[in-house]
Amino acid sequence: MCWSIPKSNKLGLDALKLNTQTVKISIPMGLDIKLAGNDNVEWYAGATIQPTYVVIGKSYLLSSDTRNYVKDNSMLNHFNMNAGFETYLSFKKDGYTLQFGPQFRTQLFSTNSKMFTIEERLQGYGLKIGISKKL
């Protein structure tokens, strides 16, 4: 659903909270480099590039005075590119491998299409945790 009529995001001095939401499909491609380690404990650094497509999205465009907004999903840039950087420790024991460490992900292009002056580049910080077992 799209609203083409600007509506005030403030009633007097009360603020209204707007949430932009998206559902994305991404294909990460990258590499890891072993920095140090032995047979049981290893330290890695990695980087990925992630072509991304927005499947479902909800977007708002604010006026320059931030008092009005328009909800219009056509403003979304449906194709985007993300980059990820991480470092993690890997522990091996009894055929299992445990990996954990910090990750950083950033969006390379704006969420909004190029016809709008407001640029939004999302960034995310997280913790990678993984368990695997050799078959």
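Thresholds, definitions, all that
- Residues numbered from 1 in each chain as written.
- Predicted model: local features only at pLDDT ≥ 70, side-chain atom pairs only at ≥ 80, totals over all residues.
- Heavy atoms only, no water.
- Helix = DSSP H or I, 4+ residues; strand = E, 2+ residues; numbered from the N terminus.
- Buried < 20%, exposed > 50% of the residue type's maximum accessible area, 1.4 Å probe, protein only.
- Contact = heavy atoms within 4.5 Å.
- Phe/Tyr/Trp six-rings, centres within 6.5 Å; stacked < 30°, edge-to-face > 60°.
- Salt bridge = Lys/Arg side-chain N within 4 Å of Asp/Glu carboxyl O.

Undergrad: Before we go on, may I ask you to explain the overall build of the chain in this structure?
TA: From N to C terminus, the chain includes zero helices and 11 strands. Sequence-ordered secondary structure for the chain, helices as α and strands as β, is β-β-β-β-β-β-β-β-β-β-β. Scored against the burial criterion, the 135 residues of the chain give a buried share of 23%. Of the contacts made within the chain by residues no fewer than 6 positions apart, 62% connect residues no fewer than 24 positions apart.

Undergrad: Help me out: how do you make sense of the packing of aromatic side chains in this one?
TA: Aromatic ring pairs: the centre-centre distance and the angle between the two ring planes describe each pair. Summed over the entire model, instances satisfying the criterion amount to five aromatic pairs. Relative to F79, the ring of Y53 lies with its centre 4.9 Å away and its plane at 50°, an arrangement referred to as tilted. Remark: F79 occurs in strand β9 (residues 79-93) and Y53 occurs in strand β6 (residues 41-58); sequence separation between them is 26 residues. Plain terms: the ring middles of F85 and F104 are 6.5 Å apart, the flat faces sit at 15° to each other, and that makes the pair stacked. Linking F85 in strand β9 with F104 in strand β10 (residues 96-107), this pair joins segments that are 19 residues apart in sequence. By relative accessible area, which is 24% here, F104 ends up partly exposed. Members of the aromatic cluster, joined through ring pairs, are F85, F104 and Y125.

Undergrad: Before we go on, may I ask you to explain the pattern of salt bridges in this structure?
TA: Side chains carrying opposite charge are able to pair once their charged atoms draw close together. Per the counting criterion, the structure on display carries three salt bridges. K92 is the partner of E42 in a salt bridge, and the nearest nitrogen-oxygen pair spans 3.6 Å. Here E42 is found in strand β6, whereas its partner K92 is found in strand β9, with 50 residues between them in sequence. Note on E42: relative accessible area 8%, which makes it buried. One salt bridge connects K128 with E86, and the closest N-O pair in it is separated by 3.1 Å. Here K128, found in strand β11 (residues 123-133), pairs with E86, found in strand β9; they are 42 residues apart in sequence, far enough to count as distant.

Undergrad: What is the right way to look at the side chain of S90 in this model?
TA: By secondary structure assignment, the location of S90 is in strand β9. For S90, the contacting residues outside a window of four places in its chain are N40, V41, E42, Y44, T97, L98 and Q99.

Undergrad: Looking at this model, I keep getting lost on unusual backbone geometry. Mind explaining?
TA: Glycine aside, the phi torsion of most residues is negative, and most peptide linkages are trans. Even without being glycine, D94 reaches a positive phi, approximately 55°. By secondary structure assignment, the location of D94 is in the loop between β9 and β10. With a relative accessible area of 63%, D94 lands in the exposed category.

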